[in-house]
Protein chains: 2
Amino acid sequence: MQVKPTSKSANPGSSEDASGLRMTRQRQEVYRVLLAQRDHPTANDVFMRVKDGLPHISLATVYNCLEVLVEHRLVRQVNFEREPSRYCPNLEEHCHFHDQHTGVIHDVKFKPGVRLGDVLDLPNGAVIEDVEINLRGQLSLA
Amino acid sequence: MQVKPTSKSANPGSSEDASGLRMTRQRQEVYRVLLAQRDHPTANDVFMRVKDGLPHISLATVYNCLEVLVEHRLVRQVNFEREPSRYCPNLEEHCHFHDQHTGVIHDVKFKPGVRLGDVLDLPNGAVIEDVEINLRGQLSLA
DNA sequence: GAATCAATTTAGAATAATTCTTGCTATTGG
DNA sequence: CCAATAGCAAGAATTATTCTAAATTGATTC
Ligand SMILES: [Mn+2]
Ligand SMILES: [Mn+2]
Ligand SMILES: [Zn+2]
Ligand SMILES: [Zn+2]
């Protein structure tokens, strides 16, 4: 994933990437901490981590940055039940397994060749734009 | 699904059903409303519908009733993104498709014989207690 | 049937994640 | 440089949900 500093774009005359995202210091740092520790942090987790590099950043800005990163599909928003949203920079098609013993959220990939229409009895004419699969359970090492 | 009035249990000496649920008027009415119109209403939707039969019921009680019905697995709580929770009395294994054109949430069943482990590359030793699959898209009748 | 006693209900207050508002600053393109 | 647009920060507002505390219910025991 290309992250261009605001003022040195490969796209002359614009600091925006192809999708129109202006990569400001705040957005860059938010994205950087998401890549650095891929443990599905909450917005507040991100806020605390980003403050190391940008001590004056506000929580509202972290929310703004996360929102724009999600809109531009650099980051996925992950919602378990009604808990605070978590953020995931893994762009591969995958779903999430919440180990309730450790609290860890694991990325889970689909087995190769699996099509959604193969396993679900979708309504006729359904065009799926977004799929969210969340699992809860435990990792028993028995 | 059996719904027993509080005072006439088949279990002598107790008004509770096998799982320990005391079916009060409020819980009965909340459950009845969910069965009567299976459109995945929010807690507030349920509140408004239940007031027809129990004009003095409070929203807190509706939340309490829904919580206990979910705990006792008579009702499923359905969460799309960070929208208000919705409630579903369909106990068959199924998932949800949100048609963003109409706003309708459809129940979607799995094709027969599909096992989760067949399609997902689960971590070794993972014991899944709960699965939540949410789809967003449109029903184009083309 | 009255006393007991825990479970339930209710109204309203509190909570907390998120969003909004507003004024300021930075960046862009000309 | 200038004007216009976009982004940021601080704090207020929103809102679904949960909590608190007091009243009520109703099942069980006397
Ligand atoms: Mn956290
Ligand atoms: Mn509704
Ligand atoms: Zn992930
Ligand atoms: Zn359903």
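Because the structure is a prediction, the values reported are computed rather than measured.

(A) Main features of the overall build of chain A. Within chain A one finds four helices and six strands. Of the regular secondary structure in chain A, the N- to C-terminal order runs α-α-α-β-β-β-β-α-β-β. For chain A, the proportion of its 142 residues judged to be buried stands at 35%. For chain A, the share of sequence-separated contacts (at least 6 apart) that also reach a separation of at least 24 residues comes to 45%.

(B) Summary view of the relation of the copies chain B and chain A. Between chain B and chain A, the superposition needs a rotation of 180° and an axial shift of 0.0 Å, giving an RMSD of 0.0 Å. Here the copies are linked by what is in effect a two-fold axis. Of the C-alpha atoms belonging to chain B, the one lying closest to the rotation axis is found on B:Ile133, 2.2 Å away.

(C) How the structure looks around the interface of chain B and chain A. Taken together, the contacts link 40 residues of chain B with 40 residues of chain A. Approximately 3500 Å² of surface area, both sides summed, lies buried where chain B meets chain A, with 51% of it carried by carbon and sulfur atoms. For the interface between chain B and chain A, the tally reads two salt bridges. A salt bridge links A:Asp130 to B:Arg136; the nearest nitrogen and oxygen atoms lie 3.5 Å apart. Here chain B and chain A share 20 residue pairs in polar contact (both at pLDDT 80 or more) between them. Of all the secondary-structure elements, those providing two or more residues to the side of chain B that touches chain A are strand E3 (94–99), strand E4 (105–110), helix H4 (116–119), strand E5 (120–121) and strand E6 (126–139) of chain B. Broken down by class, the residue content of the side of chain B that touches chain A amounts to 18 nonpolar, 11 polar and 11 charged.

(D) A look at helix H1 (residues 25–36) of chain B. All names here are of chain B. The end-to-end C-alpha distance of H1 is 16 Å, a good match for the 16 Å that 12 residues give at a rise of 1.5 Å each. Buried within H1 are the following residues: Glu29, Val30, Tyr31, Val33 and Leu34. For H1, the elements touching its buried residues are helix H2 (43–50), helix H3 (59–71) and strand E2 (86–88).

(E) Here's a closer look at the packing of H1(B) against H3(B). All names here are of chain B. Two elements in contact, H1 and H3, have axes separated by 9 Å at closest approach and are oriented at 75°. Regarding the angle of H1 to H3, the classification is roughly perpendicular. In contact with Gln26, Arg27, Val30, Tyr31 and Leu34 of H1, H3 contributes Thr61, Cys65, Leu66, Val68 and Leu69. Among the residues making up the contact of H1 with H3, the classes are represented as seven nonpolar, two polar and one charged.

(F) Representation of the domain arrangement of chain A. Residue and element names in this part refer to chain A. Taken domain by domain, chain A consists of domain 1 (17–87) and domain 2 (91–137). Each of domain 1 and domain 2 was reduced to a C-alpha centroid, and the two centroids are 22 Å apart. Every contact between the two is made by 11 residues of domain 1 and, on the other side, 13 residues of domain 2. Between the two partners, domain 1 and domain 2, sit one salt bridge. For Glu81, the salt bridge identified is with Arg136, shortest N-O distance 3.6 Å. Inspection of the domain 1/domain 2 interface yields five residue pairs in polar contact (both at pLDDT 80 or more). Residues that form the side of domain 1 that touches domain 2 fall into these classes: four nonpolar, two polar and five charged.

(G) Broad picture of the sheet that holds E3(B). The sheet built from eight strands is open, its strands ordered E5(A)-E4(B)-E3(B)-E6(B)-E6(A)-E3(A)-E4(A)-E5(B) with mixed pairing. Strand pairing shows two members of the sheet lacking a second neighbour, strand E5 (120–121) of chain A together with E5 of chain B, which therefore form its edges. Where E3(B) and E4(B) come together, five bridges link them in antiparallel fashion. Bridge pairing links B:Cys95 to B:Val108 in E4(B).

(H) Layout of the pattern of salt bridges. Overall, the coordinates contain 10 salt bridges over all chains when judged by the stated rule. Among the salt bridges present, the one from B:Asp39 reaches B:Arg49, with a minimum N-O distance of 2.8 Å. Residue B:Asp39 is located in the loop between H1 and H2, and its partner B:Arg49 is located in helix H2; the two are separated by 10 residues in the primary sequence. Overall, the relative accessible area of 34% leaves B:Asp39 in the partly exposed class. Among the charged side chains, a salt-bridge network with shared partners connects A:Glu81, A:Arg136 and B:Asp130.

About the criteria used
Residues numbered from 1 in each chain as written. Chains lettered and ligands numbered in written order. Predicted model: local features only at pLDDT ≥ 70, side-chain atom pairs only at ≥ 80, totals over all residues. Heavy atoms only, no water. Helix = DSSP H or I, 4+ residues; strand = E, 2+ residues; numbered from the N terminus. Buried < 20%, exposed > 50% of the residue type's maximum accessible area, 1.4 Å probe, protein only. Contact = heavy atoms within 4.5 Å. Least-squares fit on C-alpha atoms with pLDDT ≥ 70 in both. Buried area = accessible area lost by both parts, 1.4 Å probe. Salt bridge = Lys/Arg side-chain N within 4 Å of Asp/Glu carboxyl O. Polar contact = N/O pair within 3.5 Å; in protein donor to acceptor, adjacent residues only side chain to side chain. Nonpolar A, V, L, I, M, F, W, Y, C, P; charged D, E, K, R; others polar. Expected span 1.5 Å × (residues − 1). Axes fitted to C-alpha atoms, helices over the stretch in contact; angles between N-to-C directions. Parallel < 35°, antiparallel > 145°, perpendicular 65-115°, else oblique. Domains from an automatic or database assignment. Pairing = 2+ DSSP bridges.

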